[in-house]
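# Survey of secondary and tertiary structure
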Amino acid sequence: FFYIFFKVLYFVIYLIIPIVNFGLIRGITLSLVSRSIFSLLFMINSQVSHIRRSNMTTSTDWYMNQVMTSSNHGCDSWYHYIFSGGLNFQVEHHLFPSINHCHYPYLHPLI
């Protein structure tokens, strides 16, 4: 039930409301532009931490593999932290995926 509810809610927020407020063509255009910008920024931010030659290693140890195949960037910068939603702490994110990103700066010195 919740899955369907949130899919419908997403559809209403990102497509129906812009169409109602701005008309069909402009509403669809604004919706596509905002989603495209978000997707581009997310792709750039997530790939900078994963697709690097130094990260292309494998290990049989799960924890070591998580540390070796991801990398942090801009850990001392609040700009990077806010811009990336905390995903500039990729090592911490891979080791502790269920922990909220607000705790990653405090975990970083421990790792």
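Look a little higher up for the structure.
Given the structure is predicted, the values throughout are model-derived calculations rather than measurements. (Residues numbered from 1 in each chain as written. Predicted model: local features only at pLDDT ≥ 70, side-chain atom pairs only at ≥ 80, totals over all residues. Heavy atoms only, no water.)

Once that is clear, we can look at helix H2 (residues 24-47). Taking 1.5 Å of rise per residue, 24 residues should cover 34 Å, and H2 covers 34 Å from first to last C-alpha, within 8% of that figure. Three or more residues of H2 are buried, namely Gly27, Ser31, Asn45 and Ser46. (Helix = DSSP H or I, 4+ residues; strand = E, 2+ residues; numbered from the N terminus. Expected span 1.5 Å × (residues − 1). Buried < 20%, exposed > 50% of the residue type's maximum accessible area, 1.4 Å probe, protein only.)

One pair of aromatic rings is described through two measures. These are the centre distance and the angle between the planes. Tallying each qualifying case throughout the model produces 8 aromatic pairs. Look at Phe1 and Phe2: their rings are 5.7 Å apart centre to centre, the planes differ by 65 degrees, and that puts the pair in the edge-to-face class. The same class applies to Phe1 and to Phe2, which are both exposed. Taking 5.8 Å as the distance between ring centres and 5 degrees as the angle between the ring planes, the aromatic pair formed by Tyr79 and Phe83 counts as stacked. Separated by 4 residues within a single helix, Tyr79 and Phe83 lie in helix H4 (residues 78-84), roughly one turn from each other. A residue is classified by how much of its surface remains accessible, and Tyr79, at 57% relative accessible area, is exposed. Of the residues examined, Phe83 reaches a relative accessible area of 42% and is grouped as partly exposed. Following the ring pairs from residue to residue traces out a cluster consisting of Phe1, Phe2, Phe5 and Phe6. (Phe/Tyr/Trp six-rings, centres within 6.5 Å; stacked < 30°, edge-to-face > 60°.)

Its 21 residues place the ends of helix H1 (residues 2-22) 29 Å apart at the C-alpha level, agreeing with the 30 Å of an ideal helix rising 1.5 Å per residue. Val12 marks the point of greatest bend in H1, at about 40 degrees. Once H1 ends, the next one or two residues include Gly23, with phi positive near 95 degrees. (Bend = angle between axes of the 7 residues up to and from the residue.)

Mapped onto the fold, Phe6 is located in helix H1. Phe6 sits in the partly exposed class, given a relative accessible area of 48%. Distance in space between the C-alpha atoms of Phe6 and Met43 is 23 Å, their sequence separation being 37 residues.

Moving on: the packing of H1 against H2. Where H1 meets H2, the axes come as close as 6 Å, and the angle between the chain directions of the two elements is 140 degrees. Taken together, the axes of H1 and H2 lie oblique to each other. Helix-helix and strand crossings are classified by hand; for H1 and H2 the assignment is right-handed. Between H1 and H2, the contacting residues are Tyr10, Tyr14, Leu15, Pro18, Ile19 and Phe22 on the first element and Leu24, Arg26, Gly27, Ile28, Leu30, Ser31 and Arg35 on the second. In the contact of H1 with H2, the residues fall into 9 nonpolar, 2 polar and 2 charged. (Axes fitted to C-alpha atoms, helices over the stretch in contact; angles between N-to-C directions. Parallel < 35°, antiparallel > 145°, perpendicular 65-115°, else oblique. Left-handed = near helix turned anticlockwise from the far one by under 90°. Contact = heavy atoms within 4.5 Å. Nonpolar A, V, L, I, M, F, W, Y, C, P; charged D, E, K, R; others polar.)

With that out of the way, let us pick up the environment of Ser84. Relative to the helices and strands, Ser84 resides in helix H4. Relative accessible area serves as the criterion here: at 8%, Ser84 is assigned to the buried category. Sequence separation of Ser84 and Ile25 is 59 residues, and the distance between their C-alpha atoms is 31 Å. A distance of 3.5 Å separates a polar side-chain atom of Ser84 from the backbone oxygen of Tyr81. Separated by 3.2 Å, the side chain of Ser84 and the backbone nitrogen of Leu87 make a polar contact. (Polar contact = N/O pair within 3.5 Å; in protein donor to acceptor, adjacent residues only side chain to side chain.)

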